[in-house]
Amino acid sequence: MAKLSQDDLLAQFESLTLIELSDFVKAFEEKFDVKAAAPVAAAAAGGAAVVVEEEVQDEFDVILTGAGEKKIQVIKVVRELTSLGLKEAKDLVDGAPKPVVEKVAKEAAEKAAESLKAAGASVEVK
């Protein structure tokens, strides 16, 4: 039997129906003890490229990880950012690590983090 080139093989596969191609893949998997799940999916899709969308994070949380040495300044900034009362803001700062603002835009999260860092706190943006 003459050896077929890759182009010859592709030409032969082009002439097959999807059912014939599926049967061929099953026989190939049995003969060589392999799985060809991804190529079958691509062949069934007509050879079209599959585009995978990456999720873009649009909501961020600003988490206070430590108050630092200027705890009173940090409490003031927390009150400005959250409109919490004095006691609630103090409890939040004392209970660090705690989220200060949640599910905000990237710009707002960065601004809040900068304000807290300027007051002496250690902050994490997730």
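Our subject is the structure listed above.
Residue indices follow the written sequence of each chain, beginning from 1 at its first position. pLDDT decides what is reported in this predicted model: residues at 70 or higher carry local features, side-chain atom pairs at 80 or more are listed and counted, and totals for whole chains, interfaces and linings draw on all residues regardless. The basis for every side-chain value is the complete set of heavy atoms in the structure, and neither hydrogens nor water enter the calculation.

## Brief notes about the sheet that holds strand β2 (residues 98-104)
And then number 1: The three strands lie next to each other as β2-β1-β3, forming an open sheet whose pairing is antiparallel. At either end of the open sheet lies a strand with only one pairing partner, and these are β2 and β3 (122-125). For this sheet, the mean inter-axis angle between neighbouring strands, taken without regard to orientation, is 20°.
And then number 2: Any two strands with at least two DSSP bridges between them are considered paired. Secondary structure elements follow DSSP: runs of H or I of four or more residues count as helices, runs of E of two or more count as strands, with numbering from the N terminus. Sheet topology note: the strand β1 (residues 60-66)/β2 ladder contains four bridges and is antiparallel. Under this scheme, a helix contributes an axis fitted over its contacting stretch, all axes are lines through C-alpha atoms, and angles between N-to-C directions fall in the 0 to 180 degree range.

## Considerations on the nonpolar core
And then number 1: Counting 20 residues, the largest nonpolar core has Val62, Leu64, Val74, Val78, Val93 and Leu116 as its most contacted members.
And then number 2: Contacts are assigned to residue pairs that have any heavy atoms within 4.5 Å of one another. If we ignore the near neighbours within four places in the chain, the residues touching Val93 are Leu64, Ala67, Lys71, Val74, Ile75 and Val78. Remark: nonpolar core denotes a set of buried residues (Ala, Val, Leu, Ile, Met, Phe, Trp, Tyr, Cys) joined through side-chain atoms within 4.5 Å. Between buried and exposed lies partly exposed: a residue is buried under 20% and exposed over 50% of the maximum accessible area for its type, with that area taken using a 1.4 Å probe on protein chains only.

## Observations regarding the packing of helix α4 (residues 71-82) against helix α5 (residues 86-94)
And then number 1: Taken N-terminus to C-terminus, the directions of α4 and α5 make an angle of 120°; their axes are 9 Å apart at the nearest point. By the angle between their axes, α4 is oblique relative to α5. Crossing angle aside, the handedness with which α4 passes α5 is right-handed. When α4 is examined against α5, the residues Lys71, Val74, Ile75, Val78 and Arg79 are found in contact with a partner set consisting of Leu86, Ala89, Lys90, Leu92, Val93 and Asp94.
And then number 2: Per-class residue counts for the contact of α4 with α5 are seven nonpolar, no polar and four charged. Should an angle fall under 35 degrees it is called roughly parallel, over 145 degrees roughly antiparallel, and 65 to 115 degrees roughly perpendicular, with every other angle called oblique. Left-handed describes a crossing whose near helix is turned anticlockwise from the far helix by less than a right angle; the clockwise case is right-handed. Each residue gets one label: Ala, Val, Leu, Ile, Met, Phe, Trp, Tyr, Cys and Pro are nonpolar, Asp, Glu, Lys and Arg are charged, and the others, such as Gly, are polar.

## Observations concerning the pattern of salt bridges
And then number 1: The salt bridge definition used is simple: a Lys or Arg side-chain nitrogen within 4 Å of an Asp or Glu carboxyl oxygen. Across all of its chains, the model carries four salt bridges by this definition.
And then number 2: In this structure, Asp91 engages Lys87 in a salt bridge whose closest nitrogen and oxygen atoms are separated by 3.2 Å. One end of the pair, Asp91, and the other, Lys87, are both in helix α5, four residues apart, so they sit about a helical turn from each other.
And then number 3: Asp91 gets classed as partly exposed once you look at its relative accessible area, which sits at 40%.

## Quick word on a nonpolar patch on the surface
And then number 1: Residues Leu16, Phe24, Phe28, Phe32 and Val34 make up a contiguous nonpolar surface patch of about 420 Å² in total accessible area.
And then number 2: Tracing the chain through its elements places Leu16 in the loop between α1 (6-14) and α2 (18-32). Patch definition: residues with relative accessible area over 30% and no salt bridge; like charges joined within 9 Å; nonpolar side chains (Val, Leu, Ile, Met, Phe, Trp, Tyr) joined within 5 Å. To measure how exposed things are, a 1.4 Å probe is used in the Shrake-Rupley method; for residues, cover is taken only from the protein chains shown.

## Notes on the packing of aromatic side chains
And then number 1: What counts as a ring pair is set by centres within 6.5 Å for rings of Phe, Tyr and Trp (its six-membered ring), and what kind of pair is set by the plane angle: stacked under 30 degrees, edge-to-face over 60, tilted for all other angles. Under the criterion given, the structure shown has three aromatic pairs.
And then number 2: Pairing Phe24 with Phe28 gives two aromatic rings, centres 6.0 Å apart and planes at 40°, and the pair type is tilted. Placement of both Phe24 and Phe28 in helix α2 is noted, with a separation of four residues, approximately one turn of the helix.
And then number 3: A relative accessible area of 38% places Phe28 in the partly exposed class.
And then number 4: Ring geometry for Phe28 against Phe32: centres 4.8 Å apart, planes inclined by 50°, an arrangement best described as tilted. Here the residue Phe28 and the residue Phe32 both occupy positions in helix α2, the gap between them amounting to four residues, near one helical turn.
And then number 5: In textbook terms, an aromatic cluster arises when at least three aromatic residues are bridged by ring pairs, as seen for Phe13, Phe24, Phe28 and Phe32.

## As for the environment of Val104
And then number 1: Among the structural elements, Val104 can be located in strand β2.
And then number 2: Sequence spacing of Val104 and Phe60 is 44 residues, and the spatial spacing of their C-alpha atoms is 5.3 Å.
And then number 3: Discounting residues that sit within four places of it in the chain, Val104 has contacts with Asp58, Glu59, Phe60 and Ala109.

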